[in-house]
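Here are the chains, one letter per residue:
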Amino acid sequence: MSSKSLPYSKKDVHYDNAKFRHRSFFKVITQNLHTSNVKNHCMSCSTGKFLLLLMIFGVAYLMLTHTSPTTDGLVKGSKNGTYEHITSGGIRFGNIFRKPPRLPPQLPPDVKGSRGNTGLDHRKLNSDLKWIARQQNVKKAFIHAWSGYKKYAMGYDELMPVSKRGVDGLGGLGATIVDGLDTAMIMGADKVVSEAGFWIETHLSNKINQTSQVNLFETTIRVLGGLLSAYHLSSVENGMDSTHKGPKPVVYLETAKNLADRLLAGFTSSPTAIPFGDVVLRDPSAHPAPDGRSSTSEVSSLQLEFNYLSSVSGDPKYTVESMRVLEHIKTLPKVEGLVPIFISPRTGEFSGENIRLGSRGDSYYEYLLKVWLQKNRESNFTYLHDMYEEAMKGVRHLLVRKSIPNGLVFVGELPFGADSSFSPKMDHLVCFLPGTLALGATKGLTKEEAMKNNMLNFEDLENLKLAEDLAKTCFEMYSVTSTGLAPEIAYFHTKEFSEGGLDGGNKSSEYMNDIIIKPADRHNLLRPETVESLFFLYRITEDPKYREWGWQIFEAFEKYTRVDTGGYSSLDDVTSVPPHKRDKMETFFLGETLKYLYLLFGDSSVIPLDKFVFNTEAHPIPIEGTAKMG
Ligand code: DMJ
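This is a predicted model, so every value here is computed, not measured.

Trainee: Mind showing me how you'd approach the packing of helix 6 (residues 118–153) against helix 8 (residues 190–210) here?
Mentor: If you want to describe how two helices pack, look at the angle between their axes and the distance between the axes. Two numbers describe how helix 6 lies on helix 8: the axes approach to 11 Å, and their chain directions differ by 35°. Crossing angle aside, the handedness with which helix 6 passes helix 8 is left-handed. Two secondary-structure elements touch here, helix 6 through Phe142, Ile143, Trp146 and Lys150 and helix 8 through Lys191, Val192, Glu195 and Ala196. The residue inventory of the contact of helix 6 with helix 8, partitioned by class, reads 5 nonpolar, no polar and 3 charged.

See the structure below:
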């Protein structure tokens, strides 16, 4: 499957009228690179069109060879021919003719290079090609990650790339395979799609039937979410490419149902609306986590997946059980919309007073917004948006501060509740927030569209501003270190809090004194949150700086986390060069980090934000009533 055939994209809608519309050269080239059923298109080309194509690419080639001596970020190609070959200053002609695009029969005005704006046109063209090439580099990284996993860990949850073996850290359901599958589909990495699909078809149901204990949340967001997205993205009825690789979509759906039917024990065993955190799949049965409490984020980040399963299976039980959680949380007391990070399934009450948007708190806020969006902002679900909006006001009022000396905006914590002291600690996990804030402000439209239509109220504008400020802070958490990679946790220098000698090691960063990194927090797990937010902010603001930041981060991952024999590794200490490798490739590196980077560098019409919501593991799920639900 190729991204060209992703469902309901604006690109598909526009194509019908392509002849009469302006189409950017970037789109044209992207289609060229992604089109998989090229032969069919080529057959239907008239000779005239073909000659015109020849001329178009001839002109483009000449422009490039005259103006672009640099090869910054360009792909050199791969042995298996999976990648597009882009050499210094141009695209290889072989590829162009192998994959002709669905072109309108004329050059778009911005590429014609006439009327004295040739310099501008060249710059635009070079920039478009640069991002296409960078996107292909991400695909290449994904295939490198997969090849290590396949070689040494196929069937295990995760790869240990240094010791070259697999490990079952998530219950043993082959989590990397399922988490990475829809990324492969989006990238058009057909070989990976068929290998992963074949494994799922032949092994996953048995594993599910025999597995003992899994975590309800992790299994839902990674495995159930992965299966559901794969189902959607591979369904011809959803407008997908009929030549997609792998098993029939129904295999993904039936496997998802089997898994979800067992996961339901987490809900039905609990005496309250709050599910138990641990489920024994083979029984199936469930019990609370050892200390009796569930994480607030975990119990409230299951609904996108269960709702979608109810829609496609026609069985409401998944929605009924999962939505009871949010309906119940609605009734609980909060602090300006903010909630403690633990909740008891025995009593249904929050437990403790620790408030934060990092671990155990994060995706509670994310799903308030996204479930409302998934339900197409329907009035029965307005309560979710109300909860979200109140919480974001609470964040701005109680948790947002600025560092000294250079004023980085950050989100801290209230470890003992609102009446006690503020901690200037920010987990990397909090970096999901800029993306969610931007999405919540424009509801997936670009900022320009939303402004033009007068759709941004005061709250939206405040949230959008905060999103941009926080995205910068998250990026600086990377660039302040010697490796260019962020630590798991950062502290911010404030009037009340300072600690000397704990900088990130990059002496040329102007934020050296603003960001404090304690020795125990210096690891990096290949997490996605910052690139996730850069993706949302780029789509929404269209500001190219977010892409450039994403590229810098990608380069740092390549430089310090890549293991030559296959795979990528988490690191022990991002402030030391070279950093020691921790020997673990988390499943979300394939499921989220590389997917968001790939989408960040690509055409915005792929998985459009007004048609899909991403679950908290980056698996796209259609918004009801906009994309086909089948
Ligand atoms: C992922 O499993 C999900 O994004 C989750 O919401 C938070 N943690 C990891 C990635 O860091």
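Trainee: It is not clear to me how the site of the ligand should be interpreted in this structure. Could you clarify?
Mentor: Taken together, the residues surrounding the ligand are Ile221, Arg222, Leu429, Arg527, Pro528, Glu529, Phe588, Glu592, Thr616 and Glu617. One nitrogen or oxygen atom from the side chain of Glu592 is found 2.8 Å from an oxygen atom belonging to the ligand. A distance of 2.7 Å separates an oxygen atom of the ligand from a polar backbone atom of Thr616. When isolated, the ligand has an accessible area of 290 Å², and the protein chains bury 91% of it. Within the residue set of the shell around the ligand, elements represented by two or more residues are helix 9 (216–234) and helix 22 (587–600). Residues of the shell around the ligand, tallied by class, amount to 4 nonpolar, 1 polar and 5 charged.

Trainee: Teacher, can you tell me more about the UniProt feature "active site" (unreviewed entry) in the protein here?
Mentor: According to UniProt, the positions carrying the feature "active site" (unreviewed entry) are Glu218, Asp362, Glu488 and Glu529. In this fold, Glu218 is placed in helix 9. The class for Glu218 is partly exposed, based on a relative accessible area of 22%. Once residues lying within four places of it in the same chain are set aside, the contact partners of Glu218 are Leu170 and Val223. Its relative accessible area of 13% is what places Glu488 among the buried residues. With residues near it in sequence (within four places) discarded, Glu488 still touches Asp427, His428, Asp521, His523, Leu525 and Arg527.

Trainee: Can you help me understand the packing of helix 17 (residues 433–442) against helix 20 (residues 529–541) in this one?
Mentor: In the contact formed by helix 17 and helix 20, the axes pass within 7 Å of each other and the chain directions differ by 30°. One element, helix 17, and the other, helix 20, form an angle in the roughly parallel class. By crossing handedness, the relation of helix 17 to helix 20 is classed as left-handed. Along its contact with helix 17, which presents Leu433, Pro434, Gly435, Ala438, Leu439 and Thr442, the element helix 20 presents Ser533, Phe536, Leu537 and Ile540. When its residues are assigned to classes, the contact of helix 17 with helix 20 shows 7 nonpolar, 3 polar and no charged.

Trainee: Would you mind showing me how to read the packing of aromatic side chains here?
Mentor: For any pair of aromatic rings, the description rests on two quantities: the centre-to-centre distance and the angle between the ring planes. What the rule picks out here adds up to 20 aromatic pairs. Summarising the aromatic geometry, the rings of Tyr364 and Tyr365 are spaced 4.8 Å apart at their centres and angled 80° between planes, so their arrangement reads as edge-to-face. Taken together, a centroid distance of 6.2 Å and an interplanar angle of 50° make the contact between Phe536 and Tyr596 tilted. Note that Phe536 is positioned in helix 20 and Tyr596 in helix 22, a separation of 60 residues in sequence. Judged by relative accessible area, Phe536 falls into the buried class, the value being 2%. By relative accessible area, which is 0% here, Tyr596 ends up buried. Taken together through their ring pairs, the aromatic side chains of Trp131, Trp551, Phe554 and Phe601 make up a single cluster. Above the plane of the ring of Phe342 lies Arg293, whose end atom (NZ or CZ) is 3.8 Å from the centre. Cation over ring: Lys518 sits above Tyr491, and NZ or CZ is 4.1 Å from the ring centre.

Trainee: So what exactly am I meant to see when it comes to the pattern of salt bridges here?
Mentor: Opposite charge on two side chains allows them to pair when their charged atoms are near. What the rule picks out here adds up to 34 salt bridges. Linking Asp291 and Arg293 is a salt bridge whose minimum nitrogen-to-oxygen distance equals 3.2 Å. Residue Glu413 is joined to Lys425 by a salt bridge in which the shortest nitrogen-to-oxygen separation is 2.9 Å. Of the two residues, Glu413 is situated in the loop between strand 12 (409–411) and strand 13 (425–427) and Lys425 in strand 13; the sequence distance between them amounts to 12 residues. With respect to class, Glu413 is no different from Lys425; both count as buried. Salt bridges linked by common partners bring Lys130, Arg134 and Glu548 together as one network.

Trainee: Can you walk me through the sheet that holds strand 6 (residues 278–280) in this structure?
Mentor: Hydrogen bonds along the backbone pair up the strands of a sheet, which may run parallel or antiparallel. If you trace the 3 strands from one edge of the open sheet to the other, you get 5-6-7, paired in antiparallel fashion. Two strands close off the open sheet at either side, each with one partner strand: strand 5 (213–215) and strand 7 (285–287). If you compare each strand with its neighbour and ignore which way they point, the axes differ by 30° on average. The strands touched by helix 9 are strand 5 and strand 6; relative to strand 5, the strand with the most contacts, the crossing angle is about 70°.

Trainee: Where do I start with the pairing of strand 14 (residues 489–492) in this structure?
Mentor: Side-chain positions along a regular strand alternate between the two faces of the sheet. Burial of strand 14 is two-sided: the residues Ile489 and Tyr491 facing one way and the residues Ala490 and Phe492 facing the other way are all buried. The sheet contact formed by strand 13 and strand 14 spans 3 bridges and is antiparallel. Bridge pairing in strand 14 links Asp427 to Ile489. Looking at chain direction, strand 14 and strand 15 (residues 515–516) are connected through 2 bridges and run antiparallel. Bridging across to strand 15, Tyr491 finds its partner in Ile516.

Trainee: I tried to follow helix 6 on my own but got confused; where do I start?
Mentor: Every α-helix carries 3.6 residues per turn, so stepping three or four residues along brings you back to the same face. Between the first and last C-alpha of helix 6 there are 52 Å, a value that for 36 residues agrees with the 52 Å anticipated at 1.5 Å per step. Downstream of helix 6 by one or two residues, Gly155 has phi in the positive range, about 95°.

Trainee: Explanation requested: the environment of Tyr156 in the structure shown.
Mentor: Inspection of the secondary structure puts Tyr156 in the loop between helix 6 and strand 3 (158–160). A C-alpha to C-alpha distance of 7.7 Å links Tyr156 and Thr176, two positions 20 residues apart in sequence.

Trainee: When you look at the sheet that holds strand 13 in this model, what are you seeing that I'm missing?
Mentor: Strand order in this open sheet of 3 strands is 13-14-15, and the pairing throughout is antiparallel. Across the chains shown, the open sheet's two edge strands, defined by having one partner strand only, are strand 13 and strand 15.

Conventions used here
- Residues numbered from 1 in each chain as written.
- Predicted model: local features only at pLDDT ≥ 70, side-chain atom pairs only at ≥ 80, totals over all residues.
- Heavy atoms only, no water.
- Axes fitted to C-alpha atoms, helices over the stretch in contact; angles between N-to-C directions.
- Helix = DSSP H or I, 4+ residues; strand = E, 2+ residues; numbered from the N terminus.
- Left-handed = near helix turned anticlockwise from the far one by under 90°.
- Contact = heavy atoms within 4.5 Å.
- Nonpolar A, V, L, I, M, F, W, Y, C, P; charged D, E, K, R; others polar.
- Near = heavy atom within 4 Å.
- Polar contact = N/O pair within 3.5 Å; in protein donor to acceptor, adjacent residues only side chain to side chain.
- Areas by Shrake-Rupley, 256 points an atom, 1.4 Å probe, with all protein chains shown as cover.
- UniProt positions renumbered as here; feature names shortened; annotations may be inferred.
- Buried < 20%, exposed > 50% of the residue type's maximum accessible area, 1.4 Å probe, protein only.
- Parallel < 35°, antiparallel > 145°, perpendicular 65-115°, else oblique.
- Phe/Tyr/Trp six-rings, centres within 6.5 Å; stacked < 30°, edge-to-face > 60°.
- Lys NZ or Arg CZ within 6 Å of the ring centre and 35° of its normal.
- Salt bridge = Lys/Arg side-chain N within 4 Å of Asp/Glu carboxyl O.
- Pairing = 2+ DSSP bridges.
- Expected span 1.5 Å × (residues − 1).

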